[in-house]
Amino acid sequence: MNKLLFHAVLFDLDGTLLNSLEDLADATNAALEAAGYPRHPVAAYQQFVGSGLEKLVCRALPEGEAMRIGQANLAALQKATGDNYARDWAVHTKPYPGIPELILALGEQDIPLGVVTNKPHEWTLRMLDFFFPSKPFKHIQGAQPDLPHKPDPTGALNSARALHMEPASIAFVGDSNVDMQTAKNAGMIAVGADWGFRGAKELQTAGADHILYTPAELWLLKATEEQTVTP
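So, a few notes on the structure that sits alongside this text. Treat the numbers as computed from the prediction; the structure is a model and nothing was measured.

## Quick word on the overall build of the protein
Okay, step 1: Regarding its fold elements, the protein presents 9 helices and 8 strands.
Okay, step 2: Against the 2.2 N^0.38 benchmark of 17 Å for 231 residues, the protein shows a C-alpha radius of gyration of 18 Å, consistent with a compact globule.
Okay, step 3: Along the first, second and third principal axes, the C-alpha atoms of the protein reach 55 × 35 × 30 Å.
Okay, step 4: Considering the protein as a whole, with its 231 residues, one finds that 52% of them fall into the buried category.

Below, the structure written as structure tokens:
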């Protein structure tokens, strides 16, 4: 194998490793419906997710409603959504096709792996243990109260230090503009996952260095190739 552009890989979770959209939508829709708000089709949640639970609920409410109902009611709706999701997070969720094979292959090449996500840290650990029981990730950084959300680079840089890798040698793989901005802010290689929630156009606009259309294409990032976005 030719020398790769990267020596470690950090993955986003939802929309990159796991297709969790339907379970996220179901949890939020159930909370909305119980509070008297309309449900959304699952596809609408492609634009709602990616910035944490609080932003998810605010985006799912009618325009301006999050401000109108006040912090206490908003917090109650967020809690209901979180409770629903904590109960039913594995009903439909599963790894994207090709992800288990990619993770195995990267491990066989001794490439250190990590996960950096805006999903709460406890949920992240639980989901990764469930879907990747071999524990291939050397560092896992979920959302915590004292940690700024992506696209702030703090979580990604925490992972770089934990993996003992320079940021410039790390491929940050994600499916959204938030992930590409995180990679750029951290000085990492921004790799967009077209198979996720947002698609290539958003990733290109956000400055992705590379776009992958299948997980296996990560191996195509050779050191002899220019860092350009796939047309």
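And the narrative resumes.
## What about the layout of surface pockets?
Okay, step 1: Within this model, the largest pocket holds a volume of roughly 270 Å³.
Okay, step 2: Forming the boundary of the largest pocket are 15 residues, of which I103, L104, G107, S134 and P136 lie nearest the centre.
Okay, step 3: No other element matches the 5 residues that helix α5 (residues 99-108) contributes to the lining of the largest pocket.
Okay, step 4: Taken together, the residues of the lining of the largest pocket sort by class into 10 nonpolar, 2 polar and 3 charged.

## Re the packing of aromatic side chains
Okay, step 1: Counting across every chain of the model gives 7 aromatic pairs.
Okay, step 2: Between F11 and F137, the ring centres sit 6.5 Å apart and the planes meet at 75°, which makes this aromatic pair edge-to-face. On the criterion of sequence distance, the pair formed by F11 in strand β1 (residues 8-11) and F137 in the loop between α6 (121-131) and β5 (139-143) is long-range, its members being 126 residues apart.
Okay, step 3: On the basis of relative accessibility, which here comes to 1%, the residue F11 falls in the buried class.
Okay, step 4: For the ring pair Y45 and F48, a centre distance of 5.0 Å and an interplane angle of 85° mean the geometry is edge-to-face. Here Y45 and its partner F48 are both found in helix α2 (residues 45-48), 3 residues apart, which amounts to about one turn of the helix.

What counts as what
Residues numbered from 1 in each chain as written. Predicted model: local features only at pLDDT ≥ 70, side-chain atom pairs only at ≥ 80, totals over all residues. Heavy atoms only, no water. Helix = DSSP H or I, 4+ residues; strand = E, 2+ residues; numbered from the N terminus. Rg over C-alpha atoms; globule rule 2.2 N^0.38 Å. Buried < 20%, exposed > 50% of the residue type's maximum accessible area, 1.4 Å probe, protein only. 1 Å grid on protein atoms, 1.4 Å probe; cavity = no way out; pocket = protein on both sides within 12 Å on 5 of 7 lines; lining within 4 Å. Points joined across faces, edges and corners; volume = space filled by probe spheres on them. Nonpolar A, V, L, I, M, F, W, Y, C, P; charged D, E, K, R; others polar. Phe/Tyr/Trp six-rings, centres within 6.5 Å; stacked < 30°, edge-to-face > 60°.

Note that all results are geometric; they support no functional claim without further evidence.
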